[in-house]
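A closer look at the structure
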Amino acid sequence: MASTSSLKPIFSSPLTSSPSPPSPQKPSSLLSFLHSTTSTPISLKLSSNPPHNNSHPRSKSFAVTNVVLKTDTSPETTSVPSNYTQDLGSPLTKPTILVSEKIGEKGLEVLREFGHVECLYDLSPDQLCSKISSCDALIVRSGTKVTRQVFQASNGRLKVVGRAGVGIDNVDLQAATEFGCLVVNAPTANTVAAAEHGIALLAAMARNVAQADASIKAGTWQRNKYVGVSLVGKTLAVMGFGKVGSEVARRAKGLGMNVIAHDPYAPADRARALGVDLVSFDQAIGTADFISLHMPLTPATSKVFNDETFAKMKKGVRIVNVARGGVIDEDALVKALDSGIVAQAALDVFTKEPPPKDSRLVQHENVTVTPHLGASTKEAQEGVAIEIAEAVVGALKGELSATAVNAPMVPPEVLSELSPYVELAEKLGRLAVQLVAGGSGIKSVKVVYKSARDPDDLDTRLLRAMITKGIIEPISSSFVNLVNADFTAKEKGLRISEERIVVDSSPEFPIDSIQVQISNVESKFASGISDNGDISIEGKVKYGTPHLTSVGSFAVDVSLEGNLILCRQVDQPGMIGQVGNILGEHNVNVSFMSVGRTVRRKKAIMAIGVDEKPDKEALKKIGEIPAIEEFVFLKL
Ligand SMILES: NC(=O)C1=CN([C@@H]2O[C@H](COP(=O)(O)OP(=O)(O)OC[C@H]3O[C@@H](n4cnc5c(N)ncnc54)[C@H](O)[C@@H]3O)[C@@H](O)[C@H]2O)C=CC1
Ligand SMILES: O=C(O)C(=O)COP(=O)(O)O
């Protein structure tokens, strides 16, 4: 049976979803959030109800922990992953994970325990595109270009791309985000390997190891030609003081080098702790004897080493690049080598990999090259493979990944704490939008978080994404998840602003209440409008479950489960009984009921939680009770 988990999954496998393949303009979701109720066919626990219809002809359902997911049938339907249980009436299937480059065996084992793994290396772009529509996850290293075409070709099935390494410059992140596909990487396991390779190249370059080796093998013995330079006492500029850069710095200090670093985003105290001065770009390149590159390839760093910047370097500088080829203008480097501005270069990475055979840069006698080997140690490859396999499996199970690249990263402890509020946030969004007359034309939503904690201590990105999902999904065919929530809101012209109010309650809980306000719209339930003219509802987490605590200016208290009927009525005896009787007659089970009023014997709001949707006749009868002034049925 489905197990319960204290930390509920945030993503659920896409699976399901769109009736037709997503178009680039309106991508269907790949990852959906937990507890989707309208467009996402996810149920929270195994039940005797048949799974929702899925228009995908090959779709089946299965359950992961407490979430029923759907996926396409893959040929392999053999063993049952321990945390998967079969949904009633559906054959069990496993997600298909395509591994397009070689990764460590231990990572493959983790993947095989969970899914159907296909290792297909050296696929052409066309082959990848045709294969991808039958894959739920794709694992790549630096050699596979995951382009927009790949996401388009996946027809909404690809939920997660796992980059078995750090650099994600080979993945079109914008396209992934638009298509709601999570991208995760493995940012830590190859740090030391890359740093060691940087140091290996630094020393090999300084002592002409590669050239001398080649010359002996060519039958010569040229001791005078290959006199090198010493490292001790020289200044090394580390460009990019992140994980690899700081490990290089630490090792270079051990070699007796004077290390400086340039990184506009690195904290100075981290550098100071290693005895490294953070300096400006010009200062770094102008004073260094050796320059080692460790920044990511981004639009800002593309070709940042060019004619102009080489001209500012100390004559005879030596450069190591184990970051990305694209940060160097390779033609400019050839010129700088020819002119002697750069005495030597040692390169592990190239703008185009593999570089052309006749590349002047690669053939240059003062250049030492390796074929992108920075991460290629046995240890790093095992580590990276396990790291990425766990991240991908976690994402397929619907968990939020700590290494997500295109979704807010929320540390596990914060995630665990916010988990019940995540559910509350989506339900409040979903309820608020159903109070809008016509359900369209929403431009501006304000979310107010009341908390005893300092506003800076409250990470609300996840909650905002869930509110966005709750608002957008009931009124459009968009599929919204954590990955594409902000993008989708923006695309729909929906502005979501947030306010945090410090209140005098227990700081033990991250949030006291969440209020969702929708302005400049009419409401189909006038009592949902607060004094300032906005639709306004507020909720709290009580005993671990989400509760609706106010509607407009009425206080209520109803657990947000099942569906909800809101009635405004004259505050008089017998109302609960009358409505309860009608629901009972129509076999609708009431799960919760709460009455809120502003003034005694005047107006009241009754919030009734119901397990089933009342039929039209029942709703008509409720509407005909004379004291009931307005009512609305809301799906949670
Ligand atoms: N050759 C190989 O096999 C490997 C290459 N790498 C590459 O090394 C690079 C660094 O990796 P990590 O240290 O793990 O990443 P990281 O994210 O920990 O560090 C990158 C650092 O670069 C800094 N940075 C960003 N823009 C900058 C700029 N304009 N100027 C200077 N610094 C800037 C960031 O603030 C950050 O501190 C990445 O490009 C990665 O792909 C990483 C592992 C293996
Ligand atoms: O992790 C990185 O950024 C790397 O460059 C390693 O690339 P690779 O996995 O060896 O293709």
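See the structure above.
Calculation rules
- Residues numbered from 1 in each chain as written.
- Chains lettered and ligands numbered in written order.
- Predicted model: local features only at pLDDT ≥ 70, side-chain atom pairs only at ≥ 80, totals over all residues.
- Heavy atoms only, no water.
- Helix = DSSP H or I, 4+ residues; strand = E, 2+ residues; numbered from the N terminus.
- Buried < 20%, exposed > 50% of the residue type's maximum accessible area, 1.4 Å probe, protein only.
- Contact = heavy atoms within 4.5 Å.
- Areas by Shrake-Rupley, 256 points an atom, 1.4 Å probe, with all protein chains shown as cover.
- Near = heavy atom within 4 Å.
- Polar contact = N/O pair within 3.5 Å; in protein donor to acceptor, adjacent residues only side chain to side chain.
- Expected span 1.5 Å × (residues − 1).
- Bend = angle between axes of the 7 residues up to and from the residue.
- Axes fitted to C-alpha atoms, helices over the stretch in contact; angles between N-to-C directions.
- Parallel < 35°, antiparallel > 145°, perpendicular 65-115°, else oblique.
- Left-handed = near helix turned anticlockwise from the far one by under 90°.
- Nonpolar A, V, L, I, M, F, W, Y, C, P; charged D, E, K, R; others polar.
- Phe/Tyr/Trp six-rings, centres within 6.5 Å; stacked < 30°, edge-to-face > 60°.
- Pairing = 2+ DSSP bridges.
- Salt bridge = Lys/Arg side-chain N within 4 Å of Asp/Glu carboxyl O.

With respect to the overall build of the chain
Helix and strand content of the chain: 18 helices and 27 strands. A total of 636 residues make up the chain; the buried ones form 55% of that total. Of all intrachain contacts in the chain linking residues separated by at least 6 positions in sequence, the fraction that spans at least 24 positions is 66%. Surface exposure of the chain reaches about 27,000 Å², of which carbon and sulfur atoms provide 52%.

Re the site of ligand 2
The environment of ligand 2 is formed by Arg141, Ser142, Arg163, Ala164, Gly165, Val166, Gly167, Asn190, Arg324, His372 and Ala375. A distance of 2.9 Å separates an oxygen atom of ligand 2 from a polar atom in the side chain of Arg163. Between Arg324 and ligand 2, the recorded distance is 2.8 Å, taken from a side-chain N or O atom to an oxygen atom. Look at ligand 2: alone it shows 320 Å² of surface, and the protein chains cover 91% of it.

A short note on the environment of Asp213
Relative to the helices and strands, Asp213 resides in helix α6 (residues 209–217). Taking C-alpha positions, Asp213 is 65 Å from Arg500, a pair spaced 287 residues apart along the chain.

Quick word on helix α14 (residues 412–434)
Spanning 23 residues, α14 covers 32 Å between terminal C-alpha atoms, matching the ideal 33 Å at 1.5 Å per step. When the local axis directions of α14 are compared, the greatest deviation, roughly 50°, occurs at Leu418, which is followed within four positions by the proline Pro420. Counting buried positions along α14 gives 17 out of 23 residues, so the element sits mostly inside the fold.

A few points about the packing of helix α17 (residues 575–585) against helix α18 (residues 616–624)
Close contact between α17 and α18 brings their axes to 10 Å; oriented N to C, the two are set at 165°. Classified by the interaxial angle, the pair formed by α17 and α18 is roughly antiparallel. Once α17 is placed against α18, the crossing between them reads as right-handed. Contacts between α17 and α18 involve Val579, Ile582, Leu583 and Glu585 from the former and Ala618, Lys621 and Ile622 from the latter. Here the contact of α17 with α18 is built from residues that sort into five nonpolar, no polar and two charged.

Brief notes about the packing of aromatic side chains
Counted under the stated rule, the structure contains two aromatic pairs. A centroid spacing of 6.4 Å and a plane angle of 25° characterise the contact between Phe151 and Phe179, whose relative ring orientation is stacked. Of the two residues, Phe151 sits in helix α3 (residues 148–153) while Phe179 sits in the loop between α4 (173–178) and β10 (182–185), which places them 28 residues apart along the sequence. With 5.7 Å between their ring centres and 35° between their planes, Phe281 and Phe305 make a pair best called tilted. In this pair, Phe281 is assigned in helix α9 (residues 281–287) and Phe305 in the loop between β14 (290–293) and α10 (307–311), connecting sequence segments 24 residues apart.

As for the sheet that holds strand β18 (residues 444–451)
Spatially, the six strands line up as an open sheet ordered β19-β18-β20-β21-β22-β23, and their pairing is mixed. Looking at the sheet topology across the chains shown, the edges are occupied by β19 (495–502) and β23 (554–559). Sheet twist, expressed as the mean angle between neighbouring strand axes with direction ignored, is 20°. Where strand β21 (residues 535–542) meets strand β22 (residues 545–551), six bridges bridge the pair, whose relative direction is antiparallel. Following the sheet pairing, Lys542 is matched in β22 by Thr545. The strands touched by α14 within the sheet are β20 (513–519), β21 and β22, with β21 carrying the most contacts at an inclination of about 155°. Here helix α15 (residues 461–472) sits on the sheet and contacts β18, β19 and β20; the angle it forms with β18, its principal contact strand, is near 140°.

Observations regarding the pattern of salt bridges
Enumeration according to the criterion identifies 31 salt bridges in this entry. The partner of Lys450 in a salt bridge is Glu538, with the nearest N and O atoms 3.8 Å apart. Taken together, the residues Lys450 in strand β18 and Glu538 in strand β21 connect sequence positions 88 residues apart. Residue class for Lys450 comes out partly exposed when judged on its relative accessible area of 25%. Residues Asp459 and Arg461 are paired through a salt bridge, measuring 2.7 Å at the closest nitrogen-oxygen approach. By sharing partners, the salt bridges in this structure join Glu426, Arg430, Lys469 and Glu473 into a single network.

As for the site of ligand 1
With respect to spatial proximity, 25 residues lie near ligand 1, and among them Lys243, Val244, Asp263, Val322 and Asp348 are the closest. Interatomic distance of 2.6 Å between a side-chain N/O atom of Asp263 and an oxygen atom of ligand 1. His372 places a polar side-chain atom, nitrogen or oxygen, 3.3 Å from an oxygen atom of ligand 1. Coverage of ligand 1 by the protein amounts to 86% of the 850 Å² it exposes when considered alone. When grouped by side-chain class, the residues that make up the shell around ligand 1 number 12 nonpolar, nine polar and four charged.

A look at the pairing of strand β26 (residues 603–610)
The element β26 is extensively covered by neighbouring structure, given that seven of its eight residues are classed as buried. As paired strands, strand β24 (residues 563–570) and β26 are joined by eight bridges and run antiparallel to one another. Within β26, the position partnered with Leu564 by the bridge is Gly609. Of the strand pairs in this sheet, strand β25 (residues 590–597) and β26 are connected by seven bridges, and their pairing is antiparallel. Directly across from Val590, in β26, lies its bridge partner Val610.

Digging into the sheet that holds strand β12 (residues 258–262)
Taking strand neighbours across the sheet as the criterion, the seven strands line up as β13-β12-β11-β14-β15-β16-β17 in an open arrangement whose pairing is parallel. Each edge of the open sheet is held by one strand with a lone partner, namely β13 (277–278) and β17 (367–369). As defined by bridge partners, β14 adjoins strand β15 (residues 317–321) across four bridges and the pair is classed as parallel. Along β15, the bridge assignment pairs Leu293 with Asn321.

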